[in-house]
Amino acid sequence: MEWQMRAIRGATTVGENSIVAITEAVTELLNELEDRNQLRPTEILSVTFSVTRDLDAIFPAAIARSRPLWDSVAMLDVQQMYVEGSLQRCIRFLIHAYLPASSPIHHVYLRQAAKLRPDWGFVGVQ
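Residues numbered from 1 in each chain as written. Predicted model: local features only at pLDDT ≥ 70, side-chain atom pairs only at ≥ 80, totals over all residues. Heavy atoms only, no water.

The helix and strand tally for the protein stands at two helices and six strands. Taken from N to C terminus, the helices and strands of the protein fall in the order β-α-β-α-β-β-β-β. Its C-alpha atoms give the protein a radius of gyration of 14 Å, within 12% of the compact-globule value 14 Å for 126 residues. For the C-alpha atoms alone, the extent of the protein along its principal axes is close to 45 × 30 × 25 Å. Burial statistics for the protein: of 126 residues in total, 40% are counted as buried. Considering only intrachain contacts with a sequence separation of at least 6, the fraction spanning at least 24 residues in the protein is 82%. When the accessible surface of the protein is totalled, it reaches about 7,000 Å², and 53% of it is carbon and sulfur. Charge separation in the protein, taken as the distance between the mean sites of 12 positive and 14 negative side-chain charges, equals 4 Å. (Helix = DSSP H or I, 4+ residues; strand = E, 2+ residues; numbered from the N terminus. Rg over C-alpha atoms; globule rule 2.2 N^0.38 Å. Buried < 20%, exposed > 50% of the residue type's maximum accessible area, 1.4 Å probe, protein only. Contact = heavy atoms within 4.5 Å. Areas by Shrake-Rupley, 256 points an atom, 1.4 Å probe, with all protein chains shown as cover. Lys, Arg positive; Asp, Glu negative; His and termini not counted. Charge placed at Lys NZ, Arg CZ, Asp CG, Glu CD.)

We now examine the side chain of Thr13. By the secondary structure assignment, Thr13 is in strand S1 (residues 3-13). Of the residues examined, Thr13 reaches a relative accessible area of 7% and is grouped as buried. Setting aside residues no more than four positions away along its own chain, Thr13 makes contact with Ala25, Leu87, Gln88, Arg89, Cys90, Leu110, Arg111, Gln112 and Ala113.

This paragraph deals with the packing of aromatic side chains. Enumeration over the complete set of coordinates arrives at zero aromatic pairs. Lying over the aromatic face of Tyr82, Arg53 brings its terminal NZ or CZ to 3.6 Å of the ring centre. (Phe/Tyr/Trp six-rings, centres within 6.5 Å; stacked < 30°, edge-to-face > 60°. Lys NZ or Arg CZ within 6 Å of the ring centre and 35° of its normal.)

The positions UniProt marks with the feature "binding site: prephenate" (unreviewed entry) are Arg9, Arg92 and Tyr109. Their sequence span is 101 residues, while the largest C-alpha to C-alpha distance among them is just 8.8 Å; these annotated residues converge on one region. Relative to the helices and strands, Arg92 resides in strand S4 (residues 90-100). With sequence-adjacent residues up to four places away left out, Arg92 is seen in contact with Arg9, Gly10, Ala11, Thr48, Phe49, Ser50, Thr52, Gln80 and Leu116. You can call Tyr109 buried: its relative accessible area is 3%. (UniProt positions renumbered as here; feature names shortened; annotations may be inferred.)

Right, dumping it as structure tokens:
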């Protein structure tokens, strides 16, 4: 089986800027990512999380790092560029992982973020 580095995108939104709300949303997003892609953390090379400027209660990487086997994944948190009228309270990720070349990639867009890429994503919790 041939393996190659693949990129997986995803996003979600939160109702408020709180540790509880962000933790719940990031956990849901990463659970869905792992389930839909049958992805193990040991296959992940790096994760870049971005958040909109209205979210600053906790770093998404800190939430991910507390998951089993995620503590050795290279992660970075950045602030998403602000564009007037864009989706608020949004958390996005870009993951690079080694996966079988023949495996389909399932990008995960949940909650209000499903509007960002309806052509790609799994439409989850609204």
